[in-house]
Amino acid sequence: MVKKATKKEIEAIREKFVEQYSGAVTELNYTNLYELLVSVMLSAQCTDKRVNIITPALFQAYPDPQSLANADLEEVKSLIKTCSFFNNKAKNLIKMAQSVCDDFAGEIPLDPKELVKLAGVGEKTANVVMIEYTGANLMAVDTHVFRVSHRLGLSDAPTATKTAEQLTKRLKTDLHTLHQAMVLFGRYICTAKNPKCETECFLQEFCKSKESFKAK
Ligand code: SF4
């Protein structure tokens, strides 16, 4: 069972994260809201690095929702075939673009409640888009945020959705920075295997799991 961080510890962890990662942004490459949304949809269960390799050709072929809405499914599949779950992702990308054109006059809505109405866009995708594009005070939980928040005792919730709720309640403000911080901290320091506890972690004193990673 995960030990909970105290209120004092939560505040200290927040301070350290904000200090280390203030101004951090996603590692996905994009130039507008459409490209960000497509990249975030592709990044589910896939690395940002892989998505960044795929998207230049995809955006060249389909530079806006209108062109993607009229795309040939097989062509989209072949452009994103090195991405995990490319069959479903290709279908969802086209459906998303079609709903942008049919229901939102071709403009991607910048509102999490509207974004989730788009095909293939769940709450996590909508929140990541809002966090990145507008700096919204929202939390989104991916595999890194889930792992880091549990190791630090910020959450003991069993699912990503419940973890997001718990983090929102406990951390309250600066959620966009804290989200980016936990993604990057989890990707490069508090990795799933062999986390860099002794060499790079600046949160050791608050960690509820470091004993598990000590050299035997
Ligand atoms: S001490 Fe290790 S497991 Fe704990 S937060 Fe730091 S890197 Fe992660």
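The structure presented is a predicted model; accordingly, all values stated were derived computationally and were not measured.

**Student:** Honestly, the site of the ligand in this entry has me stumped. Any pointers?
**Tutor:** Around the ligand, the surrounding shell consists of Arg-151, Leu-152, Phe-185, Cys-190, Pro-195, Cys-197, Cys-201, Gln-204, Cys-207, Lys-210 and Phe-213. Its atoms largely coinciding with the cavity grid, the ligand occupies the largest cavity. Class assignment for the residues of the shell around the ligand results in 8 nonpolar, 1 polar and 2 charged.

**Student:** I tried to follow a positive patch on the surface on my own but got confused; where do I start?
**Tutor:** Taken together, the side chains of Lys-4, Lys-7, Lys-169 and Lys-172 define a basic patch exposed on the protein surface. Positionally, Lys-169 belongs in helix H10 (residues 160-171).

**Student:** When you look at the packing of aromatic side chains in this model, what are you seeing that I'm missing?
**Tutor:** Each aromatic ring pair is summarised here by two numbers: the centre-to-centre distance and the angle between the ring planes. Evaluated as defined, the whole model comprises 6 aromatic pairs. Centroid distance Tyr-34 to Phe-59: 6.1 Å. Interplanar angle 55°. Geometry classified as tilted. Placement of the pair is Tyr-34 in helix H2 (residues 33-42) and Phe-59 in helix H3 (residues 48-61), with a sequence separation of 25 residues. Taken as a pair, Tyr-34 and Phe-59 share a single burial class, namely buried.

**Student:** How should I be thinking about the packing of helix H1 (residues 7-21) against helix H11 (residues 175-188) in this particular structure?
**Tutor:** Relative orientation and spacing of two packed helices are given, respectively, by the angle between their axes and the distance between those axes. In the contact formed by H1 and H11, the axes pass within 9 Å of each other and the chain directions differ by 80°. Taken together, the axes of H1 and H11 lie roughly perpendicular to each other. Of H11, the residues touching H1 (which contributes Arg-14, Phe-17, Val-18 and Tyr-21) are Thr-177, Leu-178, Ala-181, Met-182, Leu-184 and Phe-185.

**Student:** In this structure, what is going on with helix H6 (residues 86-103)? I would like to understand it.
**Tutor:** Owing to its 3.6 residues per turn, the α-helix aligns residues three or four sequence positions apart on the same side. Here H6 is 18 residues long and its end C-alpha atoms lie 25 Å apart, about the 26 Å a rise of 1.5 Å per residue gives. All buried positions along H6 are accounted for by Lys-89, Ala-90, Leu-93, Ile-94, Met-96, Ala-97, Ser-99 and Val-100. Following H6 by one or two positions, Ala-105 has its phi on the positive side, about 50°.

**Student:** Just to check I follow, could you spell out the pattern of salt bridges for this structure?
**Tutor:** Side chains that carry opposite charge are capable of pairing whenever their charged atoms lie near each other. Applying the stated rule across the entire model yields 7 salt bridges. The salt bridge partner of Arg-187 is Glu-27, with a shortest N-O separation of 2.5 Å. Of this pair, Arg-187 sits in helix H11 while Glu-27 sits in the loop between H1 and H2, and the two are 160 residues apart along the sequence. What makes Glu-27 partly exposed here is its relative accessible area of 31%. Two residues, Lys-77 and Glu-74, come together in a salt bridge whose shortest N-O distance is 3.5 Å. Note that Lys-77 and Glu-74 are positioned in helix H5 (residues 73-79) at a spacing of 3 residues, about one turn of the helix. Overall, the relative accessible area of 14% leaves Lys-77 in the buried class. Salt bridges here are not isolated pairs; linked through shared partners, they connect Glu-11, Arg-14 and Asp-174.

Calculation rules
- Residues numbered from 1 in each chain as written.
- Predicted model: local features only at pLDDT ≥ 70, side-chain atom pairs only at ≥ 80, totals over all residues.
- Heavy atoms only, no water.
- Near = heavy atom within 4 Å.
- 1 Å grid on protein atoms, 1.4 Å probe; cavity = no way out; pocket = protein on both sides within 12 Å on 5 of 7 lines; lining within 4 Å.
- Sits in = over half its atoms within 2 Å of the grid points.
- Nonpolar A, V, L, I, M, F, W, Y, C, P; charged D, E, K, R; others polar.
- Patch = residues over 30% accessible without salt bridge, like charges linked within 9 Å, V, L, I, M, F, W, Y side chains within 5 Å.
- Areas by Shrake-Rupley, 256 points an atom, 1.4 Å probe, with all protein chains shown as cover.
- Salt bridge = Lys/Arg side-chain N within 4 Å of Asp/Glu carboxyl O.
- Lys, Arg positive; Asp, Glu negative; His and termini not counted.
- Charge placed at Lys NZ, Arg CZ, Asp CG, Glu CD.
- Helix = DSSP H or I, 4+ residues; strand = E, 2+ residues; numbered from the N terminus.
- Phe/Tyr/Trp six-rings, centres within 6.5 Å; stacked < 30°, edge-to-face > 60°.
- Buried < 20%, exposed > 50% of the residue type's maximum accessible area, 1.4 Å probe, protein only.
- Axes fitted to C-alpha atoms, helices over the stretch in contact; angles between N-to-C directions.
- Parallel < 35°, antiparallel > 145°, perpendicular 65-115°, else oblique.
- Contact = heavy atoms within 4.5 Å.
- Expected span 1.5 Å × (residues − 1).

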